[in-house]
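Okay, here's what each chain looks like letter by letter:
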Amino acid sequence: MYSLFNPNQMAVTPFLFFTGKGGVGKTSTACATAVALADQGKKVLLVSTDPASNLQDVLEVELTNDPKSIPSVANLSACNIDPEQAAKAYKESVVGPYRGKLPEAVLATMEEQLSGACTVEIAAFDEFSHLLADEEILAQYDHVLFDTAPTGHTLRLLQLPTAWSGFLEDSTHGASCLGPLAGLEGKKALYKKAVDSLSDGDKTTLVLVARPDNSSLLEADRASFELKEIGIKNQLLIVNGLLQSHQPEDAVSVAFYERQRAAIEQTPEALKQVMAYSLPYVSYSLTGVENLRHLFSSYAIHSSEAEETGEPLDLPGLNGVIDDFSEHNTRVIFTMGKGGVGKTSVASAIAVGLSEKGHKVHLTTTDPAAHLAYTFGISDLRDNLSISSINPEVEVARYKENVIEQAGSGMTEEELAYLKEDLESPCTEEIALFQAFAKVVEKSEEEIVVIDTAPTGHTLLLLDSTEAYHKEMSRSTGDVPDSVKKLLPRLRNPKETGVVIVTLAEATPVLEASRLEQDLKRAGIEAKWWVINQSLYATDTADAVLKGRAISEKKWIHKVEGELAEKCAIIPWLEEEKIGYDQLKEFIS
Amino acid sequence: MKKVEIFDPAMCCSTGVCGPTVDPELTRIASAVYSLEKKGFAISRHNLTDDPGAFVENKKVNQVLVEKGPDALPVVLLNGEVVKIAEYPTTEELAEWFEATPSELQEKPRVRVSLNINN
């Protein structure tokens, strides 16, 4: 197995980016690394760009945009850059000067246009470019650690040479879909420098953080590939939360241990080429500097938190969700939430449950990692349950082809090249998936449709505003398919649609899910159920390490149940992966 | 020479490929403007999101916005006068204004085929 990650024994570059999906432990890994480096006497700056950052909880210090020294760790400073705040500030800098000069309604259309995911990402990149490119920062600190790395698509956008020269030098062409970059022409040199620093292996290390589970390793593989492709080659992998030992007499403990080992064996080939380390699964929560120091210094279990006993929970299981949807004859069911929370299993179990109750059900997913055929086993379908999958790559390719076919005739090669560049924008993927969803949702007229993952709030708003815009155009020739026209009203109707937010009882997935819920609200869609998945608290494990974790879930269960969810269900951590129709039935029993 | 200015609504990109479907109207106008510009005609486009200043400075456009709101976009000006509201100029209109032929506005790549008719 992997050697334990220990920053004290490694050559470390000035910049370290920690990336990985929500809930894998990026923040605690980054903090523990920062503390270890600072304890060596290095001057360290720790920066979080996660809007749901729990950096201040971990360090137990209030943080702002400006670096602040951490009292209990000499040499360590930290700051918390909120990209949504930055995006807001950016939006205001564009719209603000025109208040009072343009009508409110006109300003509102600008604001909506600047509310997309791109703006947030570019704003985040803008914030950390300053840190990456500023010589003074490097003179002041030996290491700058970033909790959250820029995504491949932001970097690609910033690298688009034609985008910069075409758009910025001659804005009348407006060739590329640069929206939020348009106001930033003065920053071209800064961004170039930042992108250069990132791809310089002597300056930057990309730390991929993953959990020992299949979906999180697949995600790390994807990030690794994407970032390697644009030149960030100095990468290492940290498998976080590896259970070091287990109690043979405790069934949960044995299953937990074995599932982790099995997942690691199935690490994607390309990711196996990346230098890998592990960090142990610990019973204590990784907050407070002392606990962070523990992580690298000794691996003894520190079980004071595990003393408490759990109070019984009074929450329904997944069968409560299924009964509710069955009774109300909900036609479209979405499972949403961050990757790795078990959306696909929950969606599959809901589909099985509803079909058991005699409904005709269609189940579909966009998760490339979760082939439903695998979840079910080939020969395992029943008469009233059908499955399909929406492959993002296929949908995007099909969409592009359609566009070029529809719009490309009569264009010169140059014009076509312009069009193709626009099609490389991240919006394209959202729109392509959106159309695929719309097509599947249309089936709900005949059967219940269960969809694993959903279009984002941003896409929904985009559709809404564009449809409104189409209506106003007297000569609208854009041909909006019927399925798309009906989609939004259908999703907004709680009688027809039930949204299920799936989360784990941990800080990041809960906070991110609550942001997702806000996005949906903006689009006029209410989430009906929250499902807390894979809860150790809901098991009867006696394993000291796992029990410690179970206790730390309590706070998050209360938050979901008490503050966030209209209705809340909980699923215990299950000893085996549920594969096949009959096994999925166990999920709901 | 005549001068045409197009004031677009708030848009992500001027080819319109980012909407829920491609609006051929937008791709048509993007490529027509591109062709006309290349030929040296005085035509320009302003996107509300990227260039709001233009919507304030131009008194005629500003007046339309104050009276009719954002739904009045796109607004088209010919020699500084509002000629179209809430729609783009047709290819024929553009051709007429610039005294060009419609086909010149949608130039296709030309392929030369040599025929030998002597054999």
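Here the structure is a predicted model, which means the values were calculated and not measured. (Residues numbered from 1 in each chain as written. Chains lettered and ligands numbered in written order. Predicted model: local features only at pLDDT ≥ 70, side-chain atom pairs only at ≥ 80, totals over all residues. Heavy atoms only, no water.)

Draft legend 1. Fine view of the overall build of chain B. For chain B, the count of helices and strands is 5 helices and 4 strands. Secondary structure elements of chain B occur, N-terminal to C-terminal, as β-α-β-α-α-β-β-α-α. For chain B, buried positions account for 61% of its 119 residues. Relative to all contacts within chain B whose residues are 6 or more apart in sequence, the contacts with residues 24 or more apart total 56%. Summed over its atoms, the accessible surface of chain B is roughly 5,600 Å², and 49% of this surface lies on carbon and sulfur atoms. (Helix = DSSP H or I, 4+ residues; strand = E, 2+ residues; numbered from the N terminus. Buried < 20%, exposed > 50% of the residue type's maximum accessible area, 1.4 Å probe, protein only. Contact = heavy atoms within 4.5 Å. Areas by Shrake-Rupley, 256 points an atom, 1.4 Å probe, with all protein chains shown as cover.)

Draft legend 2. Just the overall build of chain A, in detail. When helices and strands are tallied, chain A shows 24 helices and 16 strands. Across the 589 residues in chain A, those meeting the buried criterion constitute 56%. Looking at chain A alone, contacts between residues at least 24 apart form 77% of all its contacts between residues at least 6 apart. By element, 49% of the accessible surface of chain A is carried by carbon and sulfur atoms, the whole surface being about 24,400 Å².

Draft legend 3. Expanded view of the packing of helix 14 (residues 318-328) of chain A against helix 15 (residues 343-356) of chain A. Residues and elements named next belong to chain A. Two elements in contact, helix 14 and helix 15, have axes separated by 10 Å at closest approach and are oriented at 55°. The angle between helix 14 and helix 15 places the two elements in the oblique class. Relative to helix 15, helix 14 is oriented so that their crossing is right-handed. When helix 14 is examined against helix 15, the residues Leu-318, Val-321, Ile-322, Phe-325 and Ser-326 are found in contact with a partner set consisting of Val-346, Ala-349, Ile-350, Gly-353 and Leu-354. (Axes fitted to C-alpha atoms, helices over the stretch in contact; angles between N-to-C directions. Parallel < 35°, antiparallel > 145°, perpendicular 65-115°, else oblique. Left-handed = near helix turned anticlockwise from the far one by under 90°.)

Draft legend 4. Summary view of the nonpolar core. Residues and elements named next belong to chain A. One finds Phe-334, Ile-451, Leu-460, Val-499 and Leu-536 to be the most contacted residues of the largest nonpolar core, which totals 50 residues. Ranked by residue count, the leading element in this core is helix 19 (residues 426-442), at 7 residues. Counting 37 residues, the second-largest nonpolar core is a separate cluster that includes Ala-38, Val-44, Leu-286 and Phe-296. (Core = buried A, V, L, I, M, F, W, Y, C linked by side-chain atoms within 4.5 Å.)

Draft legend 5. Layout of the pairing of strand 3 (residues 75-78) of chain B. All names here are of chain B. Residue alternation in strand 3 divides its side chains into two sets, Val-75 and Leu-77 and Val-76 and Leu-78, and both sets are buried. As paired strands, strand 1 (residues 3-8) and strand 3 are joined by 4 bridges and run antiparallel to one another. Opposite Phe-7, over in strand 3, you have Val-75 as the bridge partner. Here strand 3 pairs with strand 4 (residues 81-85) via 4 bridges, running antiparallel. (Pairing = 2+ DSSP bridges.)

Draft legend 6. Representation of helix 15 of chain A within the structure. Residue and element names in this part refer to chain A. Its 14 residues give helix 15 an end-to-end C-alpha distance of 20 Å, which sits within 8% of 20 Å, the value for a rise of 1.5 Å per residue. Within helix 15, 12 of the 14 residues are buried, leaving the element largely enclosed by the surrounding structure. Positive backbone phi, approximately 95°, marks Gly-358, located one or two places after helix 15. (Expected span 1.5 Å × (residues − 1).)

Draft legend 7. View of the pattern of salt bridges. All names here are of chain A. Applying the stated criterion across every chain yields a total of 21 salt bridges over all chains. Linking Asp-323 and Lys-357 is a salt bridge whose minimum nitrogen-to-oxygen distance equals 3.0 Å. With Asp-323 in helix 14 and Lys-357 in the loop between helix 15 and strand 11 (361-365), the pair connects residues that are 34 residues apart, well separated along the chain. Of the residues examined, Lys-357 reaches a relative accessible area of 42% and is grouped as partly exposed. Each of Glu-445, Lys-486, Arg-490 and Glu-496 takes part in salt bridges that share partners, so that together they form one network. (Salt bridge = Lys/Arg side-chain N within 4 Å of Asp/Glu carboxyl O.)

Draft legend 8. A look at the confidence of the model for chain A. On average, residues of chain A carry a pLDDT of 80, and 79% of them reach 70 or more. Taken element by element, the predicted model of chain A shows its lowest mean pLDDT in helix 8 (residues 161-169) of chain A (41) and its highest in helix 14 of chain A (95). (pLDDT = per-residue confidence, 0-100.)

Draft legend 9. Looking closely at the packing of aromatic side chains. With the rule as written, the count across this model stands at 8 aromatic pairs over all chains. A centroid spacing of 5.3 Å and a plane angle of 70° characterise the contact between Phe-256 of chain A and Tyr-281 of chain A, whose relative ring orientation is edge-to-face. One end of the pair, Phe-256 of chain A, is in helix 11 (residues 251-265); the other, Tyr-281 of chain A, is in the loop between strand 9 (275-280) and helix 13 (289-297), with 25 residues separating them in the sequence. On the basis of an interplanar angle of 45° and a centroid distance of 4.9 Å, the ring pair of Phe-41 of chain B and Phe-98 of chain B is categorised as tilted. Linking Phe-41 of chain B in the loop between helix 1 (24-38) and strand 2 (42-47) with Phe-98 of chain B in helix 4 (residues 91-98), this pair joins segments that are 57 residues apart in sequence. (Phe/Tyr/Trp six-rings, centres within 6.5 Å; stacked < 30°, edge-to-face > 60°.)

Draft legend 10. Focus on the sheet that holds strand 2 of chain B. All names here are of chain B. Strands sit in the order 2-1-3-4 across an open sheet of 4 strands; the sheet is mixed. If you trace the sheet from one side to the other, it starts and ends with strand 2 and strand 4, each paired once. Put simply, the sheet's adjacent strands are angled 20° from each other on average, direction ignored. The strands that helix 3 (residues 59-68) touches are strand 1, strand 3 and strand 4; relative to strand 4, the one it contacts most, it runs at about 40°. Contacting strand 1, strand 2, strand 3 and strand 4, helix 4 crosses the sheet at an angle of about 135° to strand 2.

Draft legend 11. Region of interest: the sheet that holds strand 16 (residues 567-572) of chain A. All names here are of chain A. Spatially, 7 strands are ordered 12-11-13-10-14-15-16 in an open sheet, and the strand pairing comes out parallel. Of all strands in the sheet, those bounded by a partner on one side alone are strand 12 (385-389) and strand 16. On average, each strand axis in the sheet is tilted by 20° relative to the strand beside it, whichever way the strands run. When strand 11 meets strand 12, the two strands line up parallel, connected through 5 bridges. Bridge pairing links Leu-363 to Ile-387 in strand 12. On top of the sheet, helix 14 reaches strand 10 (332-336), strand 14 (497-503), strand 15 (527-535) and strand 16; it is set at about 155° to strand 15, its chief contact.

Draft legend 12. Looking closely at the packing of helix 22 (residues 507-522) of chain A against helix 23 (residues 544-564) of chain A. All names here are of chain A. Contact geometry for helix 22 and helix 23: axes closest at 10 Å, N-to-C directions at 20°. Classified by the interaxial angle, the pair formed by helix 22 and helix 23 is roughly parallel. Considering how the two elements wind past one another, helix 22 and helix 23 form a crossing that is right-handed. Between helix 22 and helix 23, the residues in contact are Ala-507, Val-510, Leu-511, Ser-514 and Glu-517 and Trp-556, Lys-559, Val-560 and Leu-564, respectively.

Draft legend 13. Layout of the pairing of strand 5 (residues 76-80) of chain A. Residues and elements named next belong to chain A. For strand 5, a buried count of 5 out of 5 residues is recorded, marking the element as mostly surrounded by other parts of the structure. As paired strands, strand 3 (residues 44-48) and strand 5 are joined by 5 bridges and run parallel to one another. Bridging from a neighbouring strand, Val-47 pairs with Cys-79 of strand 5. By the bridge criterion, 2 bridges tie strand 4 (residues 68-69) to strand 5 in an arrangement that is antiparallel. Bridging from a neighbouring strand, Ser-69 pairs with Ser-77 of strand 5. Turn length for the strand 4-strand 5 hairpin, with the two strands adjacent in sequence and antiparallel, is 6 residues, and the turn residue Asn-75 shows positive phi of about 80°.

Draft legend 14. Here's a closer look at unusual backbone geometry. Residue and element names in this part refer to chain B. The residue after Leu-73, namely Pro-74, is reached through a cis peptide bond having omega 0°. By the element assignment, Pro-74 lies in the loop between helix 3 and strand 3. The phi angle at Ala-86 is positive, at roughly 60°, despite the residue not being glycine. Along the chain, the position of Ala-86 falls in the loop between strand 4 and helix 4. Assessed through its relative accessible area of 12%, Ala-86 is described here as buried.

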